[in-house]
Amino acid sequence: MIDTRTIRSKAALAAAATVLAATATGLAAPAHAHAAVAATPHRVLFDNTKAETAGNADWIISTSQPDPLAQNANPTTEKSWTGALSAWGVALQKTGAYSLKTLPAGSTITYGTGGALDLANFDTFVLPEPNVRLSTAEKTAVLKFVQNGGGLFLISDHTASDRNNDGWDSPKIINDLLTSNGVDNTDPFGFSVDLLNITTDNPRAIGDSTNPVLHGSFGTVSGSILRNGTTFTLKPADNAAVKGLVYRTGYSGNTGAFFVTSTFGSGRVAIWGDSSTIDDGTGQSGNTLYNGWDDPAGTDAALALNATAWLSKAS
Ligand SMILES: [Ca+2]
Ligand SMILES: [Ca+2]
Ligand SMILES: [Ca+2]
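Residues numbered from 1 in each chain as written. Chains lettered and ligands numbered in written order. Predicted model: local features only at pLDDT ≥ 70, side-chain atom pairs only at ≥ 80, totals over all residues.

Peer 1: I keep staring at the overall build of the protein chain and nothing clicks. Help me out?
Peer 2: From N to C terminus, the protein chain includes five helices and 14 strands. The burial tally for the protein chain puts 47% of its 315 residues in the buried class. Put simply, of all contacts in the protein chain between residues at least 6 apart along the chain, 70% involve residues at least 24 apart. (Helix = DSSP H or I, 4+ residues; strand = E, 2+ residues; numbered from the N terminus. Buried ≥ 20, exposed ≤ 12 C-beta atoms within 10 Å, placed from the backbone. Contact = placed C-beta atoms within 7 Å.)

Peer 1: Could you clarify how one ought to interpret the pairing of strand β3 (residues 124-128) in this entry?
Peer 2: Within β3, five of the five residues are buried, leaving the element largely enclosed by the surrounding structure. On β3, burial covers both faces: Thr 124, Val 126 and Pro 128 on one face and Phe 125 and Leu 127 on the other are all buried. Across three bridges, strand β1 (residues 42-47) lies against β3 in parallel orientation. By the bridge assignment, Phe 46 is partnered in β3 with Val 126. Pairing of β3 with strand β4 (residues 151-155), which is carried by five bridges, proceeds in the parallel orientation. Among the inter-strand pairings, Leu 127 is bridged to a residue of β4, identified as Leu 154. Remark: the β3/helix α3 (residues 136-147)/β4 crossover connection has right-handed handedness. (Pairing = 2+ DSSP bridges. Right-handed = clockwise from strand over helix to strand, strands pointing away.)

Peer 1: Would you mind going over the environment of Thr 159 with me for this structure?
Peer 2: Take Thr 159: it is sitting in the loop between β4 and α4 (170-179). Expressed as a C-alpha distance, the spacing of Thr 159 and Val 193, which sit 34 residues apart in the sequence, is 9.3 Å. Contacts of Thr 159, omitting those with residues within four sequence positions, involve Asp 169, Pro 171, Leu 195, Leu 196, Asn 197 and Thr 230.

Peer 1: For this particular structure, what's the right way to read the environment of Thr 102?
Peer 2: Mapped onto the fold, Thr 102 is located in strand β2 (residues 98-103). Each C-alpha atom of the pair Thr 102 and Ser 64 lies 8.4 Å from the other, and the pair is 38 residues apart in sequence. Setting aside chain neighbours within four positions, we find Thr 102 in contact with Phe 46, Asn 48, Ile 60, Ile 61, Ser 62, Gln 65, Pro 66 and Pro 68.

These values are about where atoms sit, not about what they do.
Written as structure tokens, this is what we have:
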């Protein structure tokens, strides 16, 4: 007599439990998502005001600028966004811990002027092979940003790499930033860019098991690739914080450094000697691109991403 009712009520209880569990899950998901949004993301601004797409360069994380999320709000692969730096951007985006923007062509680099894309609203600024000289005001803005705690990621290419034929290539532009900025004109970061065009090499990382850029959350860095790039000369007398992390074959100490970090004021700086390392091999049509990001001769993705984290004070 009781059988069917018991079974029915058990079934009803089970169904009710399932509904409750589903409701709990449904409630938990938005609460968790809300918590993730509430956490302060690491804010990274990629520059595209200095002809970063001239010639075969395509050094953008997405064609949607300033906000790459307008191209694809939930990128899954580097092809979700268009640009030869999309692998870099998508890898950061997928962690959920970064907020990325691009300073579009035609904009001015500023610090402390209140604009939405002003450097004061970011933790790290990336200059991926700039091909136009920064104005005096822009150079001062960048130096002040770093001095006050910002992270600066500089990527140079080889000498004589003026892609837009304006008389300025990235080695000259970066050396100009370091020697004529109105804040500290004598190698503020303790390095200068060598005017070299090194055809090919596979630079190796130093042994330093506690270095957060070489051993970070994005992996272990064993080395990088050099495909028509340059190196840096370290000047510890100008800034004792300068440190070579990756060196051209046969070099060490103050010469032939290929990836360098430093500090200035309360900010951090990194510089890399070849834009081929950040090229993910796919981007806007019409460009000849090569996948250096995943080149098995180096560990460029880990180096770029760990350095971004370190510059943003996420590590
Ligand atoms: Ca140029
Ligand atoms: Ca190159
Ligand atoms: Ca790409």
